Amino acid sequence: MGNIKDYAICTLGSHTALQILKGAKDEGIRAIAVCQKGQEDIYKHFGVADEIILVDSFKNFFEIEDKLVKANAIMIPHGSFVSYLGWQKVQDIKVMHYGSKGILEWESDRVKERDWLKAAGLKLPRLFKSPEDIDCPVIIKFHGAKGGKGYFIAKSTKEFYERIKEYPGEEGYVIQEYVVGVPVYTHYFYSLINEELEVMSFDKRYESNADSIGRIASKDQMEAGIRTSYTIVGNIPIVVRESLLPEIFKMGRNVVTESRKLIDYKTGKPISKGLYGSFCLEAIVDPELNFNVFEISARIVAGTNPFINGSPYTWLRYNEPMSTGRRIARDIKQAIEMDKLDLILG
Ligand code: ADP
């Protein structure tokens, strides 16, 4: 039987690192934070890391990778990890990696992601190939846009052409049906150890300025010429209608099943382990209670951060504080103790 004392869990000091590191320690596994110089104080202050490794920039990750290899560390990828390194470079890391690397390509390409979610039978917002086809409110998402900054909404072809003039440098974009409803981000966990899907928690985002525009009258908004942006500032927990849970579980299971058919760009073969660990479906729920899924994140999302002490759902299931970070650490712990570590490394 493997011993968890021979291993460490590591992640970049950003995004969801606090809960990942605390989760590792709660499960009795050594926790290593890789921090950008000047940002390490937070991880010291909260006492979540057994060791802190400093880098000038996360882009220099490969300079310190050998240290992590020597420490027998298992890397937990999160949003900052994927965005600093890019999904291509993640394929080349030598340190042990939790999760299927091949899946990261599928989540980072809007077309591929759509094919996957469609194959899983999910309802997606319509896409318009040409501005001429616009026949309902649409949201225009630029490929380079980070955090939804610079997205705009149009109601017609004419309005589209008027507004697009304000973005002369932008190359690619998608025109997507703007679904009127409420955002619901579902945080799932799928374990290859017990082959079970869990719903960990739900959140909605707190976005600037989108979440404050409603505080002023529409007349004032028009006069001030306010443009909507969706810069994420934080996350707000939600609990959904209980009757929606069966559908939510079904969506998650279908996405996992379908992920095993996705092709790994390196080998040209299906990614046999598929999607596992933490993932998130981002949806707008309309008044007919349809989940219009516009994105998948195939790794831990920042929306799990309000639940470091667990969510109502993890409380029901675990009767002890269970964050997504801790759930990942438990999966790793069980794999080590069952001598099945290979199963959960990608
Ligand atoms: P990013 O992931 O690049 O930060 P998102 O795709 O999450 O940006 O979108 C930013 C904001 O726009 C979110 O508040 C999301 O709820 C909203 N949004 C995205 N797509 C749609 C859509 N098709 N209909 C309505 N709202 C949407």
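Residues numbered from 1 in each chain as written. Predicted model: local features only at pLDDT ≥ 70, side-chain atom pairs only at ≥ 80, totals over all residues. Heavy atoms only, no water.

> Tell me about the sheet that holds strand S12 (residues 230–238), and please be specific about residues and values.
Taken together, 5 strands build an open sheet; the order of strands is S12-S11-S10-S13-S14 and the sheet is antiparallel. The open sheet has two free edges, formed respectively by S12 and strand S14 (291–297), since each of these has just one partner strand. When strand polarity is set aside, the average angle formed by the axes of neighbouring strands in this sheet is 35°. Strand direction decides the pairing type here: strand S11 (residues 196–209) and S12, joined by 8 bridges, are antiparallel. Along S12, the bridge assignment pairs Ser 208 with Thr 231. Here helix H9 (residues 245–259) sits on the sheet and contacts strand S10 (182–191), S11, strand S13 (277–285) and S14; the angle it forms with S11, its principal contact strand, is near 100°. (Pairing = 2+ DSSP bridges. Helix = DSSP H or I, 4+ residues; strand = E, 2+ residues; numbered from the N terminus. Axes fitted to C-alpha atoms, helices over the stretch in contact; angles between N-to-C directions. Contact = heavy atoms within 4.5 Å.)

> Before we move on, could you go through the nonpolar core and cite the residues and values that matter?
Within the largest apolar cluster, 66 residues are counted, with the highest numbers of intra-cluster contacts made by Ile 248, Val 255 and Ile 332. Counting contributing residues, this core receives three or more from each of domain 1 (4–98 + 334–341) and domain 2 (107–124 + 181–220 + 232–321). Membership of the second largest hydrophobic core comes to 21 residues, among which are Ile 32, Ile 53, Leu 68 and Ala 73. (Core = buried A, V, L, I, M, F, W, Y, C linked by side-chain atoms within 4.5 Å. Buried < 20%, exposed > 50% of the residue type's maximum accessible area, 1.4 Å probe, protein only. Domains from an automatic or database assignment.)

> I'd love a proper account of the domain arrangement of the protein chain, names of residues and values included.
Taken domain by domain, the protein chain holds domain 1 (4–98 + 334–341), domain 2 (107–124 + 181–220 + 232–321) and domain 3 (127–177). Averaged C-alpha coordinates put domain 2 and domain 3 at centres separated by 24 Å. Between domain 2 and domain 3, the residue contacts involve 4 residues of the former and 8 residues of the latter. Here domain 2 and domain 3 share an interface that buries about 500 Å² over both sides, 38% of which is from carbon and sulfur atoms. Summed over the three residues of domain 2 that lose the most area to domain 3, namely Arg 110, Arg 114 and Phe 294, the buried surface amounts to 82% of that side. Run the count over domain 2 and domain 3 and you get 0 salt bridges. Viewed at the interface, domain 3 and domain 2 are joined by 1 residue pair in polar contact (both at pLDDT 80 or more). (Buried area = accessible area lost by both parts, 1.4 Å probe. Salt bridge = Lys/Arg side-chain N within 4 Å of Asp/Glu carboxyl O. Polar contact = N/O pair within 3.5 Å; in protein donor to acceptor, adjacent residues only side chain to side chain.)

> A description of the site of the ligand should follow, citing residues and the corresponding values.
Around the ligand sit 18 residues in total, of which Lys 141, Tyr 151, Gln 176, Val 179 and Glu 207 are the nearest. Contact between the ligand and Glu 177: a nitrogen atom at 2.9 Å from a main-chain N or O atom of the residue. Note that an oxygen atom of the ligand is positioned 3.4 Å from one of the side-chain N or O atoms of Arg 205. Coverage of the ligand by the protein chains reaches 92% of its 550 Å² of free accessible surface. Where the shell around the ligand is concerned, the elements lending two or more residues are strand S7 (138–142), strand S9 (173–177), S11, S13 and S14. For the shell around the ligand, the residue count by class is 9 nonpolar, 3 polar and 6 charged. Counting contributing residues per domain, the shell around the ligand is built from domain 2 (107–124 + 181–220 + 232–321) and domain 3 (127–177), each supplying no fewer than three. (Near = heavy atom within 4 Å. Areas by Shrake-Rupley, 256 points an atom, 1.4 Å probe, with all protein chains shown as cover. Nonpolar A, V, L, I, M, F, W, Y, C, P; charged D, E, K, R; others polar.)

> How would you explain the environment of Leu 68 if you had to name every residue and give the values?
With respect to the helices and strands, Leu 68 occurs in helix H3 (residues 61–70). For the pair Leu 68 and Lys 94, spaced 26 residues apart in sequence, the C-alpha separation works out to 9.3 Å.

> Please give an account of unusual backbone geometry that cites residues and values.
Along the chain, Ser 208 connects to Asn 209 via a cis peptide bond; the corresponding omega equals 5°. Tracing the backbone shows Asn 209 in strand S11. Residue His 15 is not a glycine yet carries a positive backbone phi of 65°. Its location among the elements puts His 15 in the loop between strand S1 (8–12) and helix H1 (17–26). Positioned with a positive phi, Leu 289 is a non-glycine residue whose angle comes to about 70°. Examined against the element boundaries, Leu 289 turns out to sit in the loop between S13 and S14. Owing to a relative accessible area of 34%, Leu 289 belongs among the partly exposed residues under this scheme.

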